[in-house]
Amino acid sequence: MAQRIVVVGGGAAGIGAAGAAKGTDPSADVRVYTEFEDVGYSPCGIPYVHGKEIPDFDRLFLATKEAYAGQGLDIHYETSVTALNTRDKAVSVHGEADVGYDKLIVATGFDYAAPAVPGTDLDGLYYVKNIRRAIEWDKVLDGVRTAVVIEASPLGLEMVTALCHRGIETHLIDPSAWALAMATDPDIVAPVQQSWAEKGAKLHFNTTLTGFLGSGSIRAVATSAGELPCDIAVVCTKKEANTRLARAAGLHIGSAGGIIVDERMQTSIPEVWAAGDCIEVPHSVTDIPIQGLSGSHAYSQGKVAGTNAAGGDRRYQPVSVPWGMVAGDWMIGGVSLSETLASALGIPHVVGVAEGISRARYYPGVEKVRVKLLAEPGELRLIGAQMVGREGIKERADFLAMAVRLGITVADLATMENVYSPPIGALNEPIALAAQNLLAGMRS
Amino acid sequence: MSLSRWLRATSEHYLMVAAQQQVGARYMVPPPPRPRGVGLFWLKIYVPLYRAVPWPVRSAIMRRLPGSHRMTWTKAQRPRGPAI
């Protein structure tokens, strides 16, 4: 008899899990339950539709509902799972009878950290997540003159850029001293902040949100530095693991707030796997569990969970966290630890910085690329990197993530080979230059 | 929120405040405002104590907290010798 695999959640992890389960065992009855109207779209693209870089929301859908049905996935839309009964191996579904399972995959995603301030019930607070709500909000943005973005998270950076592109007077407030302070350093993000200011954005760092003000609808944001009148507030707080169902079912939760899993995405309860923003995984350098990574992490975790739930064998690895984004007029990115994060954790490190170029010096379109490398002071293995430029950041971040994973040293990077072709690569690779500067700094 | 999670979140917050003060000064960025009340304890007592403990000891303490890192994570075996 065909095994029934139930997936709770239809985001990147849930759909990745469902597809991988079906691919591993085509005879399996794979059911996905999502409380939302859609699955399989890219929420990461939403800011770029708001900013008019992408012309419409239709492009964000990865496949049609008919396509998923054609693949044999039984997806239940706008259907909430209200409880996980792991003892009886069944899930409670709102408005329906309990559904038994042989294998269960929890992919319940995240919630934005709720601002613990008055006024969160006012109209005019936008949490960027659901594409249907985003379509509605996009029409609202046509009439918005002033917006406040709450916190300079990765989404916050994208939304500030998008709103500026849209010609909306944009304020950014964040309690940290610079944007994306959890992941990057002030010298790396400085060009981004400068370009925002040139677009008219008002940046309020070291500023804490104290409330949302208004009667029915928002009229202003209250902060530690005073009130900011606005038509909407875009709440871009930290992503917190949605573990309500998992916690109630007795799954173990870790210190990062995510469901505890092993390399096969197996949870603390047999026949139950979990993947995506609701779990935590170890960081490859520090071995500390972390949570709330990117869509690509969620999707690949989902595939691991789905494969294993269906009877296959696939392993995940501790993460080095390459990241990158367009913010303002710049691309920024990095891997693993920033100088700030390493200092916060008290991890001994040495730093090397270089400013190189992205193409041959004489080739049109050449841009500067600033690279900062962090290494442990003993063997000089790479433990982190930060970059800013106008091209080539993502590729370097991917490469350096693999370098961190493999324990590549600064000496390796200082003598790395690189592509030299005038339109696409400079004679001296900026990563190599940063590594050489690090070594030179240690000798002096 | 569990004790371990609260401890981790609060510790991270004040360690980051201190790190922003330190790194921000290096790059001439206005530092975060000084915390008040119980935040002063975390910044003035906890952070220096944390930094005084050697990294291997701190790391060992952090690894004792509940989390996925304590589950099985097999290190990938790298082939040795020439590829061909």
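Residues numbered from 1 in each chain as written. Chains lettered and ligands numbered in written order. Predicted model: local features only at pLDDT ≥ 70, side-chain atom pairs only at ≥ 80, totals over all residues. Heavy atoms only, no water.

## Observations concerning the overall build of chain A
To keep things clear, this is the line we draw: Numbered from the N terminus, helices here are DSSP runs of H or I no shorter than four residues, and strands are runs of E no shorter than two. Only C-alpha atoms enter the radius of gyration; for comparison, a globular chain is expected to reach 2.2 Å times N to the power 0.38, where N is the number of residues. Think of it in three bands: with a 1.4 Å probe and only protein chains considered, a residue is buried below 20% of the maximum accessible area for its type, exposed above 50%, and partly exposed in between.
Helix and strand counts for chain A come out as 12 helices and 26 strands. In terms of C-alpha radius of gyration, chain A reaches 23 Å, essentially the compact-globule figure of 22 Å for 444 residues. With the C-alpha coordinates aligned to their principal axes, the bounding extent of chain A is approximately 70 × 55 × 40 Å. Classification of the 444 residues of chain A by burial places 59% in the buried group.

## Examining the interface of chain A and chain B
Our working definition: Throughout, a contact is declared for two residues whenever any of their heavy atoms are within 4.5 Å. The buried area of a pairing is the accessible area, by a 1.4 Å probe, that goes missing from both parts when the two are put together, added over both. Each salt bridge in this description consists of a side-chain nitrogen of Lys or Arg and a carboxyl oxygen of Asp or Glu lying within 4 Å of one another. Polar contact is defined as a pair of N or O atoms within 3.5 Å, subject to the rule that within protein one atom must be able to donate a hydrogen and the other to accept it, and that residues adjacent in sequence are counted only when both atoms are side-chain atoms. In the scheme used here, Gly and all other residues not listed as nonpolar or charged are polar, with Ala, Val, Leu, Ile, Met, Phe, Trp, Tyr, Cys and Pro taken as nonpolar and Asp, Glu, Lys and Arg as charged.
Counting from both sides, the interface comprises 43 residues of chain A and, opposite them, 34 residues of chain B. Buried area between chain A and chain B, summed over both chains or domains, comes out near 3300 Å², and the portion from carbon and sulfur atoms is 59%. Linking chain A to chain B there are three salt bridges. Taking the shortest distance from any N to any O, the salt bridge between Glu339 of chain A and Arg26 of chain B comes out at 2.3 Å. Here chain A is connected to chain B by 18 residue pairs in polar contact (both at pLDDT 80 or more). Elements with a contribution of two residues or more to the side of chain A that touches chain B: α6 (186–198), β18 (259–260), β20 (279–282), β21 (289–290), α9 (339–345) and α10 (393–406) of chain A. It is α9 of chain A that contributes the most residues to the side of chain A that touches chain B, six residues altogether. Of the residues contributing to the side of chain A that touches chain B, the split by class is 23 nonpolar, 10 polar and 10 charged.

## Some words on the layout of surface pockets
Our working definition: Buriedness of a pocket was judged along seven lines, with at least five required to meet protein on both sides within 12 Å; pockets are open sets of points on a 1 Å grid over the protein atoms alone, cavities are sets where a 1.4 Å probe fits but cannot get out, and lining residues have an atom within 4 Å of a point. Grid points are joined across faces, edges and corners, and a volume is the space filled by probe spheres set on the points.
Computed from the structure, the second largest pocket encloses a volume of approximately 800 Å³. If you go around the second largest pocket, you meet 28 residues; those closest to its centre are Ser284, Val285, Val404 and Arg405 of chain A together with Lys75 of chain B. Mapped onto the lining of the second largest pocket, the elements with two or more residues apiece are β26 (382–389) and α10 of chain A together with α3 (55–64) of chain B. A breakdown of the residues in the lining of the second largest pocket according to their chemical character gives 13 nonpolar, eight polar and seven charged.

## With respect to the pattern of salt bridges
Using the criterion set out here, one finds 32 salt bridges over all chains in the structure. The partner of Arg63 of chain B in a salt bridge is Asp287 of chain A, and the shortest N-O contact between them spans 2.9 Å. Within this pair, whereas Arg63 of chain B is found in helix α3, its partner Asp287 of chain A is found in the loop between β20 and β21, the two belonging to separate chains. By relative accessible area, which is 35% here, Arg63 of chain B ends up partly exposed. Look at Asp287 of chain A and you get partly exposed, because its relative accessible area is 23%. Through salt bridges with shared partners, a single ionic network connects Asp185, Asp187, Glu339, Arg370 and Lys372 of chain A together with Arg26 of chain B.

## Points about a nonpolar patch on the surface
The criterion, for reference: Nonpolar side chains (Val, Leu, Ile, Met, Phe, Trp, Tyr) within 5 Å and like charges within 9 Å form the patches, drawn only from residues with over 30% relative accessible area and no salt bridge. Where accessible areas are quoted, they stem from the Shrake-Rupley method and a 1.4 Å probe; at the residue level, only the protein chains shown are allowed to cover.
A contiguous nonpolar surface patch, about 460 Å² in accessible area, is contributed by Tyr362, Tyr363, Tyr420 and Leu427 of chain A. Looking at where Tyr363 of chain A falls in the secondary structure, it is placed in the loop between β24 (350–357) and β25 (368–375).

## Considering the packing of aromatic side chains
Quick note on the threshold: In this scheme Phe, Tyr and Trp rings, the latter by its six-membered ring, pair at centre separations within 6.5 Å, and the angle between planes marks the pair as stacked below 30 degrees, edge-to-face above 60, and tilted otherwise. Any Lys NZ or Arg CZ that is within 6 Å of a ring centre and within 35 degrees of that ring's normal is treated as a charge sitting over the ring.
Taken as a whole and assessed by the stated rule, the structure comprises nine aromatic pairs over all chains. Arranged with centres 6.2 Å apart and planes meeting at 40°, the rings of Tyr112 of chain A and Tyr127 of chain A form a pair that is tilted. Highlighted residues: Tyr112 of chain A in strand β8 (residues 110–112) and Tyr127 of chain A in the loop between β9 (125–126) and α4 (131–141), separated in sequence by 15 residues. Where Trp42 of chain B meets Tyr46 of chain B, the ring centres are 4.9 Å apart and the plane angle is 65°; that geometry is what we call edge-to-face. Of this pair, Trp42 of chain B and Tyr46 of chain B both sit in helix α2 (residues 38–52), four residues apart, roughly one helical turn. Using a relative accessible area of 8% as the deciding quantity, one classes Trp42 of chain B as buried. Its end group placed over the ring of Trp330 of chain A, Arg390 of chain A keeps NZ or CZ at 3.9 Å from the ring centre. Residue placement shows Arg58 of chain B over the ring face of Tyr50 of chain B; its charged tip is 4.6 Å from the ring centre.

## Some details on the environment of Leu433 of chain A
All names here are of chain A. Relative to the helices and strands, Leu433 is located in helix α12 (residues 430–443). For Leu433, a relative accessible area of 23% puts it in the partly exposed group. Sequence-wise, Leu433 and Gln266 are 167 residues apart; in three dimensions their C-alpha atoms are separated by 43 Å. Here Leu433 is in contact with Ala354, Gly356 and Asn428, once residues within four sequence places are set aside.

All we've got here are geometric facts, nothing functional implied.
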